[in-house]
Each structure stands twice: as structure tokens, then as C-alpha cells.
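Coordinate analysis (summary)
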Amino acid sequence: MKYLIHAVSKRMWYVRDYLIPSMNEQGITDIEIALDDRNLGNLQACLNAFKRVPDDNESTVHLQDDVIIAPNFREVCENDDSDIMCGFCSIYDKSESVDEYVSAEAMWYSFPCIKIRNNVIIAYLEWYLINTEREKYYIAQGKHDDLIFRHFIQYLYQTGQELVIRNVRPNIVNHIDHLIGGSVCNQDRSEKIVTAKFWEHDDLVENLRKKLNVPLDNE
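The structure reproduced in this document is the subject of the present report.

So, on to the packing of helix α2 (residues 42–50) against helix α4 (residues 118–130). Remark: α2 packs on α4, axes separated minimally by 10 Å, with the N-to-C direction vectors making an angle of 130°. Considering the angle they form, α2 stands oblique to α4. Seen from above, α2 lies across α4 with left-handed handedness. Between α2 and α4, the residues in contact are L43, L47 and F50 and I121, Y124, L125 and Y128, respectively. When its residues are assigned to classes, the contact of α2 with α4 shows 7 nonpolar, no polar and no charged.

Set out below in C-alpha cells:
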């Protein structure tokens, strides 16, 4: 299984000095960085990253460059046998389902941390190529990689092709972009700090804040 980090140049310092070392500490070594050094935008860079995936029955864990991992991150990833495993849930996920295994409708918007079987990624790339007109509104904005992927999974369900989808609770990553400069692609979003809804390791985030010398709001 490969771990693929989708990164932008301005955050490579965090990926290099903090994220990758934290993964190494858990024994993770098969890590590839998909660097958007041409500023292609979130969506196109994600698609380019997915093009690196082989067409086989193995899985790839896709991480974004603004997360912190839980102590059991590797354990959960490597003991999972689902087709899609969502390791992150935010306030934008409105599903009230508390089930671990869910349908496409209840799958989280989990691209900060999502494990996908490689042959599903290949099928998604093929679907994307023939559905650019259908998705042109979102494509034009250069983002919404998670939303368009969700449309693909919903399409599979509509055609009778069901996948095993798992929402992992507690979450195994948290979103910490507010500690490393703020959002790159969603600077106009109403919620300036978007963190994991089901996270149990606030001490790790606080330790990172202190290491980075980021002041609290009331300091």
C-alpha cells in the first residue's frame, strides 16, 4: 500500500519537517509526494496525482498537505479492507448516519485522508474524462476534487455497482491549515477553521501549535 501526499510548494516545509516524520515514526516509509509546483489548482493536481496509481487491487492512501495524523493512523489504514475508507469528517458532512459502513450518500467528503482501492481510482479517471461536460461547473473552479469523486461513486451506485465504503470514527487525521497559513483553495469560505468532527487527540494539535509558535486567538 502506498501513501500519496498531495502538496503545494508553500506547504512543503510542513510536509517535509512534520507530516512525513510523524508517518515515519509509525513505520510508514512508502510515501510519494505529488507536488503541484505549477499551481495547477486542487482538482487538476489531484487528478495528476491519481495518474501515478497502478491499475491493480492494492490501495492508495491519499493525504492532503495540511493534516496531522492520529497515533493509530497506520494501524487503521493497514488493517482496513474496504474499497474506500474515509478518515476525516468535517462540518460540511451533513449525513447523520453513525454507521461505520455506509452507502455513497453517506460517504464523507474525506480527501484530507481517504484510502481508495487503485482500480477504483483508475475507473474514476476514465469516468472523469467522459464526464467533463457534466461536471464543467465544478471543473471551472479548479477545485471540488472530493465532490466530483463523490459524484462518480454515486454514479456507480446508480448503475448497480456497489462498493464497500467505510467512515472511520474516531477520525484518524485532523485538518490544521489554520496553523500553517490558512486555506490555499478556499480562502473565501465562511468557516475559517475547519477541523475533524470526530477527533480524540487535541493534545497533538496543541503540541504542534506550540512547536510552530502560533498564538492562541486570545493571546
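Now that the structure has been shown, the text picks up again.
Turning to its location among the elements, R209 is positioned in helix α7 (residues 202–211). Of the polar contacts made by the side chain of R209, one reaches the side chain of E206; its length is 2.7 Å. A polar contact is formed between the side chain of R209 and the backbone oxygen of V214, at a distance of 2.6 Å.

If you check helix α6 (residues 145–158), its first and last C-alpha atoms are 20 Å apart, about what 14 residues at 1.5 Å a residue would give, namely 20 Å. Among the 14 residues in α6, 10 count as buried, and that is most of the element. Among all positions of α6, only D145, L147, I148, F149, R150, H151, F152, I153, Q154 and L156 are buried. The first or second residue beyond α6 is G160, which carries a positive phi of 85°.

By volume, the second largest pocket is sized at about 370 Å³. Lining the second largest pocket are 16 residues, and of these Y18, S22, E25, I68 and K211 lie nearest its centre. Elements with a minimum of two residues in the lining of the second largest pocket: α1 (12–25), β4 (67–69) and α7. Broken down by element, the residue count for the lining of the second largest pocket peaks at 7 residues, all from α1. Of the residues contributing to the lining of the second largest pocket, the split by class is 10 nonpolar, 3 polar and 3 charged.

Reading guide: rules and limits
Residues numbered from 1 in each chain as written. Predicted model: local features only at pLDDT ≥ 70, side-chain atom pairs only at ≥ 80, totals over all residues. Heavy atoms only, no water. Axes fitted to C-alpha atoms, helices over the stretch in contact; angles between N-to-C directions. Helix = DSSP H or I, 4+ residues; strand = E, 2+ residues; numbered from the N terminus. Parallel < 35°, antiparallel > 145°, perpendicular 65-115°, else oblique. Left-handed = near helix turned anticlockwise from the far one by under 90°. Contact = heavy atoms within 4.5 Å. Nonpolar A, V, L, I, M, F, W, Y, C, P; charged D, E, K, R; others polar. Polar contact = N/O pair within 3.5 Å; in protein donor to acceptor, adjacent residues only side chain to side chain. Expected span 1.5 Å × (residues − 1). Buried < 20%, exposed > 50% of the residue type's maximum accessible area, 1.4 Å probe, protein only. 1 Å grid on protein atoms, 1.4 Å probe; cavity = no way out; pocket = protein on both sides within 12 Å on 5 of 7 lines; lining within 4 Å. Points joined across faces, edges and corners; volume = space filled by probe spheres on them.

Everything listed here is a matter of geometry and, on its own, says nothing about what the molecule does.
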